[in-house]
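Observations on the model geometry
Each chain, letter by letter, is given below.
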Amino acid sequence: MRSNHPTVSFLILLISVLFTTHLCAQTTPLPRKGSLGVRLEQLTDTQQNTAGYGESGGALISEVLSNSTGQALGLEAGDIIVQVNGNAIANVQAVVQQTQTWREGETLKIEVWRNRRLQDLEGTVRGKPLETSTIAEVIYDEVPFRGGSLRSIIHKPKADGKMPLVVYLQGFDCGSIDDYYFPDSPLRQLVDGLVERGFAVYRVEKPGVGDSDGSLDCGDIGYDTEVAAFDAALSQLDKYQFVDQNNIFYFGHSLGGVTAPLLAVRHQPKGVAVYGTVFGSWYEYMQRVFRDQAYVRGDDWIQTETASRDAQAFLARLFVTKDTPRVKANL
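Residues numbered from 1 in each chain as written. Predicted model: local features only at pLDDT ≥ 70, side-chain atom pairs only at ≥ 80, totals over all residues. Heavy atoms only, no water.

Description of the nonpolar core
Test applied: Buried residues of nine kinds, namely Ala, Val, Leu, Ile, Met, Phe, Trp, Tyr and Cys, make up a nonpolar core once their side-chain atoms join them within 4.5 Å. The buried label applies to any residue whose accessible area, calculated with a 1.4 Å probe on protein chains only, is under 20% of its type's maximum; exposed applies above 50%, and partly exposed to all values in between. A helix here means a DSSP run of H or I that spans at least four residues, while a strand means a run of E at least two residues long, and both kinds are numbered starting from the N terminus. A contact between two residues is defined here by any heavy atoms of the two lying within 4.5 Å.
Counting residues in hydrophobic clusters, the biggest one holds 27 residues, and the most contacted among them are Leu-165, Val-167, Tyr-202, Leu-237, Phe-242 and Tyr-250. Listing elements by their share of this core, those giving two or more residues are strand 7 (136–145), strand 8 (148–157), strand 9 (163–169), strand 10 (200–204), helix 6 (223–234), strand 11 (243–253) and helix 7 (256–267). It is helix 6 that provides the largest number of residues to this core, a total of 6 residues. Here Phe-242 is in contact with Ile-139, Ile-154, Lys-156, Gly-161, Lys-162, Met-163 and Ala-200, once residues within four sequence places are set aside. With 17 residues, the next largest nonpolar core counts Val-38, Val-84, Leu-108 and Val-125 among its residues.

See the structure below:
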């Protein structure tokens, strides 16, 4: 029945606006970062002469990967990239820098040198591949954090009902936990092993890493901000109906082994497990890091000891006497 009452009409309009706004919020997920999907080489004088390319700069394409932005654009092995979105390309690194901010669906224009002439190619950026699994449903989601979003990834066993969850907390570096490029990595083996045993596994990127967006950069933030980012992610877990909220566990690797108990104080998980983490002061730990990692790499023992002892003086000033690092510049 149609109503002409102004109050009813206003309420219907308000509900419609709110419902539409809700739908928009649900249909605009964090966009996937894009890549060009080609292998590049620095252009040599011989390659430049063979191609008849008389200008300076450029980056040579040695291979175009399948199902990539480059393939969709029509790039070919042997092309020399001259410009990307109107920006001149001086070398391979210049192409890499251009791709850092790409998002899926963005317009892309590339100028290449092919068959002794310039050619313009245009298309859209394709997102990087997603993680896949034969034993789990892989859910890409996001966590709002300080004006931006963090990428989260869940591997959910292909089963019905509620299930226990393991939250993986990574180490200190700014590497991505999105292992689409390395499905047999140690991390994926850990994830798959847990899934096979009936656990869902939750991971979240640090600010500025992977698909995460916003003004924060992992390399610039302090540890308190990093912990706050993980805290924001953990606060979102109750939205997943398949998670047994009374059976959530934290697994902390390396620095994640310090982060896990800090977060456990607030969120009270069912249990915490750590591996390869810190048992001692930062001063002692960092001295061991300098030596142990060098030995694993196979560095020269004498050079390693010399470098470690040089570092010890710096570490003592940083952690023991609490000096503030300063950079002196000749002005």
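Next comes the rest of the account.
Remarks on the state of the cysteines
The term disulfide refers to a covalent linkage connecting the sulfur atoms of a pair of cysteines. Put simply, the rule is: Cysteine sulfur atoms that pair up within 2.5 Å are treated as a disulfide.
The full count for this structure, using the stated rule, is 1 disulfide. Between the sulfur atoms of Cys-174 and its disulfide mate Cys-218 the distance is 2.1 Å. With the S-S bond torsion at -85°, the cross-link from Cys-174 to Cys-218 turns out left-handed. Taken together, the residues Cys-174 in the loop between strand 9 and helix 5 (186–196) and Cys-218 in the loop between strand 10 and helix 6 connect sequence positions 44 residues apart. Judged by its relative accessible area of 37%, Cys-174 is partly exposed. With relative accessibility at 8%, the residue Cys-218 sits in the buried group.

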